[in-house]
Each structure stands twice: as structure tokens, then as C-alpha cells.
Amino acid sequence: MKTMKILIVDDEPHLRMLIQQTLEELEDYCVELLTARDGDEALETIRTELPNLVFLDVMMPKKNGFDVCNAVKNELALGHIYIILLTAKGQEFDRKRGQEVGADLYMTKPFDPDALLTKARSVLGLAIPGV
């Protein structure tokens, strides 16, 4: 079975850990969880690992989530990578900006961990028995 990869990008260590813990049961289904602390590290990881799904914080040092998403979708032409922007900002302006740079989905913090897990399963096409 081919390993799928999820990249979790957030400059807040506790949020990275929370998302990782939320998704760790997917490791039983050949899903590898990767993390990055900022936009530069995220882009490097995306280039080398080619994750299937990226949970991407918007407000980060170096490169923000909008810039990373734009680079992935438009400059690197990796449109097949599913990007979910995570942000505390729920304003319409930010949602529009997310759409403009090619984000597949926009979720506001605080997010429901079950919704995050369900979305990851759906994106990766994982039909988990009993769920």
C-alpha cells in the first residue's frame, strides 16, 4: 500500500501537536504525519515530500500561509496537493484571499478536531471501518 502524507504547518508548537494527535490514528492506514514550523520550512518539505494534504496556518513568520499556498498551487504547479488554510481570522477578505491563492478549503480556529479528522479521511479517500 502506498504511503500518503499529511503536512501540518503552524508556528505554535501546541497547535502542531494538537493537530498531530488528532490525526495520529491515520498512521494505522499508511499515513505519514509531517510537521513544519514556518512558511519556508513548509515549502521545503512540500518540495521534497510531496504531501497529499497540507493543514496550513495563515499567520506565520517568514512566509505566511497565503504565500506558501500561492507558491505551491501557482508557482510550483502542484495543484494536486490539497491545502486547507487554518486561521483565527474568519473575515470574508481572508476567505477571498485564500480562494485567490488556490486554497482548497478554509477553516477557522478554534476548529473541531473531529471535523479535521473527518476532512483528512475524506481528502485521502480513507474509508475506515465502523466510522
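Calculation rules
Throughout this document, residue positions are counted from 1 along each chain, in the order its sequence is written. Owing to the predicted nature of the model, reporting of local features is limited to residues with pLDDT of at least 70; listing and counting of side-chain atom pairs is limited to 80 or more, with chain, interface and lining totals taken over all residues. Excluded from the side-chain calculation are hydrogens and water; included are all heavy atoms of the structure. A carboxyl oxygen of Asp or Glu within 4 Å of a side-chain nitrogen of Lys or Arg is what we treat as a salt bridge. Helix and strand labels come from DSSP, where a helix needs a run of H or I of at least four residues and a strand needs a run of E of at least two; each type is numbered from the N terminus. Throughout, exposure labels follow a simple rule: accessible area from a 1.4 Å probe, protein chains only, divided by the maximum for the residue type, with under 20% read as buried, over 50% as exposed, and the rest as partly exposed. Whether two strands pair comes down to DSSP finding at least two bridges between them. In this analysis, axes come from line fits to C-alpha atoms, helices being fitted only over the stretch in contact, and the angle between any two N-to-C directions falls in the range 0 to 180 degrees. The handedness of a crossover follows from its direction of travel: if, with the strands pointing away from the viewer, the path from the first strand over the helix to the second runs clockwise, the crossover is right-handed.

In this structure, what is going on with the pattern of salt bridges? I would like to understand it.
Pairs may arise between side chains of opposite charge once their charged atoms sit close together. Counted according to the given criterion, the structure contains nine salt bridges. In this structure, Lys63 and Asp40 form a salt bridge, with 3.1 Å as the shortest nitrogen-oxygen distance. Pair noted here: Lys63 is in the loop between strand 3 (53–57) and helix 3 (65–75) and Asp40 is in helix 2 (residues 39–49), with a separation of 23 residues, a long-range link. Exposure remark for Asp40: the relative accessible area of 34% places this residue in the partly exposed category. Overlapping salt bridges, with partners in common, bring together Asp10, Asp57 and Lys109 in one network.

Teacher, can you tell me more about the sheet that holds strand 4 (residues 82–87) here?
Either a parallel or an antiparallel arrangement is found when strands of a sheet pair, and the pairing is made through backbone hydrogen bonds. An order of 2-1-3-4-5 is seen for the five strands of this open sheet, with the pairing classed as parallel. Whereas interior strands pair on both sides, the edge strands pair on one side only; in this sheet they are strand 2 (31–36) and strand 5 (105–108). On average, each strand axis in the sheet is inclined to that of its neighbour by 20°, with strand direction left out of account. Bridge analysis of strand 1 (residues 4–9) against strand 3 gives four bridges, and the strand direction is parallel.

Sorry if this is basic, but what is going on with the pairing of strand 4 here?
Successive residues of a regular strand alternate their side chains across the two faces of the sheet. With five of six residues buried, strand 4 is to be regarded as a mostly interior element. When strand 3 meets strand 4, the two strands line up parallel, connected through five bridges. When the bridges of strand 4 are listed, Leu56 appears paired with Leu85. Viewed along the sheet, the connection from strand 3 through helix 3 into strand 4 turns out right-handed.

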